[in-house]
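What follows is each chain in one-letter form.
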Amino acid sequence: SYAMRILAQFIFNLKEQTEDSCNLSGDYYDEAKLLAVHEKVSDGFVIILFHQCKLILRFLHEKYDLAVESGNQCKKYIKKATAMPIVPLLYFYHSLACLSLYPNVKRSQQKSLLKKVLRDQKWMKKWASHAPMNYLHKLNNSGARANNGV
């Protein structure tokens, strides 16, 4: 399936040095060819998975502005992934990317980023109240970064 191919390319990019580690193109997946196919057939889950993998890769490679954009793209398709375990990771990494970008942007952009973080944390609080063993540390991590960096 395309989801498995995206994940395989994502893992390969994490493990190996590639020309552009944030680009999901290689032996397992080719974003230049396949993303348009997923969009054409409205394959929302695969699209959100694609953008989430890009979000994480971009965050790990400190390309925070691009990571925030990937998170924004994910959120356009969020209803296609309701109750999937990838959703909390989206909110977690999106918050971290926003907080990492915060000190490097204009004041007007900072306000927008902070609003995004607060919305993300609202969801993380909800999940943490139901399953603290799975989500409380994510909430605490993003909250600590918010308190230290904002």
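Now for a description of the structure that goes with this document. (Residues numbered from 1 in each chain as written. Predicted model: local features only at pLDDT ≥ 70, side-chain atom pairs only at ≥ 80, totals over all residues. Heavy atoms only, no water.)

### With respect to the nonpolar core
With 43 residues, the main nonpolar core has Ile6 and Leu24 as its most contacted residues. At the level of elements, α1 (2-15), α2 (31-40), α3 (44-60), α4 (64-76), α5 (86-101), α6 (107-130) and α7 (132-149) are the ones that each hand at least two residues to this core. For this core, the leading source of residues is α5, giving 11 residues. (Core = buried A, V, L, I, M, F, W, Y, C linked by side-chain atoms within 4.5 Å. Buried < 20%, exposed > 50% of the residue type's maximum accessible area, 1.4 Å probe, protein only. Helix = DSSP H or I, 4+ residues; strand = E, 2+ residues; numbered from the N terminus.)

### With respect to the packing of α3 against α5
Between α3 and α5, the shortest axis-to-axis distance is 10 Å and the interhelical angle comes to 35°. With respect to the hand of their crossing, α3 and α5 are arranged in left-handed fashion. Judged by residue contacts, Phe45, Ile48, Leu49, Gln52, Leu55, Ile56 and Phe59 of α3 engage Ile86, Leu89, Leu90, Tyr93, His94, Leu96, Ala97 and Ser100 from α5. Considering only residue class, the contact of α3 with α5 consists of 12 nonpolar, three polar and no charged. (Axes fitted to C-alpha atoms, helices over the stretch in contact; angles between N-to-C directions. Left-handed = near helix turned anticlockwise from the far one by under 90°. Contact = heavy atoms within 4.5 Å. Nonpolar A, V, L, I, M, F, W, Y, C, P; charged D, E, K, R; others polar.)

### A look at the pattern of salt bridges
The final tally for this structure, using the stated rule, is three salt bridges. For Lys54, the salt bridge is made with Glu31, and the minimal N-O distance between the two is 3.0 Å. Remark: Glu31 occurs in helix α2 and Lys54 occurs in helix α3; sequence separation between them is 23 residues. We classify Glu31 as buried; its relative accessible area is 18%. (Salt bridge = Lys/Arg side-chain N within 4 Å of Asp/Glu carboxyl O.)

### Things to note about the layout of surface pockets
There is about 240 Å³ of room inside the largest pocket. Lining the largest pocket, in full, are Ile78, Lys79, Thr82, Ala83, Met84, Pro85, Val87, Pro88, Tyr91, Trp123, Trp127 and Tyr135. For the lining of the largest pocket, the elements supplying multiple residues, two or more each, are α5 and α6. The element that contributes the greatest number of residues to the lining of the largest pocket is α5, accounting for three residues. Tallied by class, residues from the lining of the largest pocket come to 10 nonpolar, one polar and one charged. (1 Å grid on protein atoms, 1.4 Å probe; cavity = no way out; pocket = protein on both sides within 12 Å on 5 of 7 lines; lining within 4 Å. Points joined across faces, edges and corners; volume = space filled by probe spheres on them.)

### Some thoughts on the packing of α5 against α6
Relative to each other, α5 and α6 sit at 150°, their axes nearing to 9 Å. By the angle between their directions, the pair α5 and α6 is classed as roughly antiparallel. In the crossing of α5 with α6, the sense of the turn from one axis to the other is left-handed. Along its contact with α5, which presents Val87, Pro88, Tyr91, Phe92, His94, Ser95, Cys98, Leu99 and Leu101, the element α6 presents Leu113, Lys116, Val117, Asp120, Trp123, Met124 and Trp127. Grouping the amino acids of the contact of α5 with α6 by side-chain chemistry returns 12 nonpolar, two polar and two charged. (Parallel < 35°, antiparallel > 145°, perpendicular 65-115°, else oblique.)

### Description of the packing of aromatic side chains
According to the stated counting rule, one finds six aromatic pairs in the structure shown. Relative to Tyr64, the ring of Phe59 has its centre 5.7 Å away and its plane inclined at 55°; by these criteria the two rings are tilted. On the basis of relative accessible area, Phe59 is assigned to the buried category, the value being 10%. Between Phe59 and Tyr93, the ring centres sit 5.7 Å apart and the planes meet at 70°, which makes this aromatic pair edge-to-face. Of this pair, Phe59 sits in helix α3 while Tyr93 sits in helix α5, placing them 34 residues apart in sequence. Each member of the aromatic cluster is reached from another via a ring pair, and the members are Phe59, Tyr64, Phe92 and Tyr93. (Phe/Tyr/Trp six-rings, centres within 6.5 Å; stacked < 30°, edge-to-face > 60°.)

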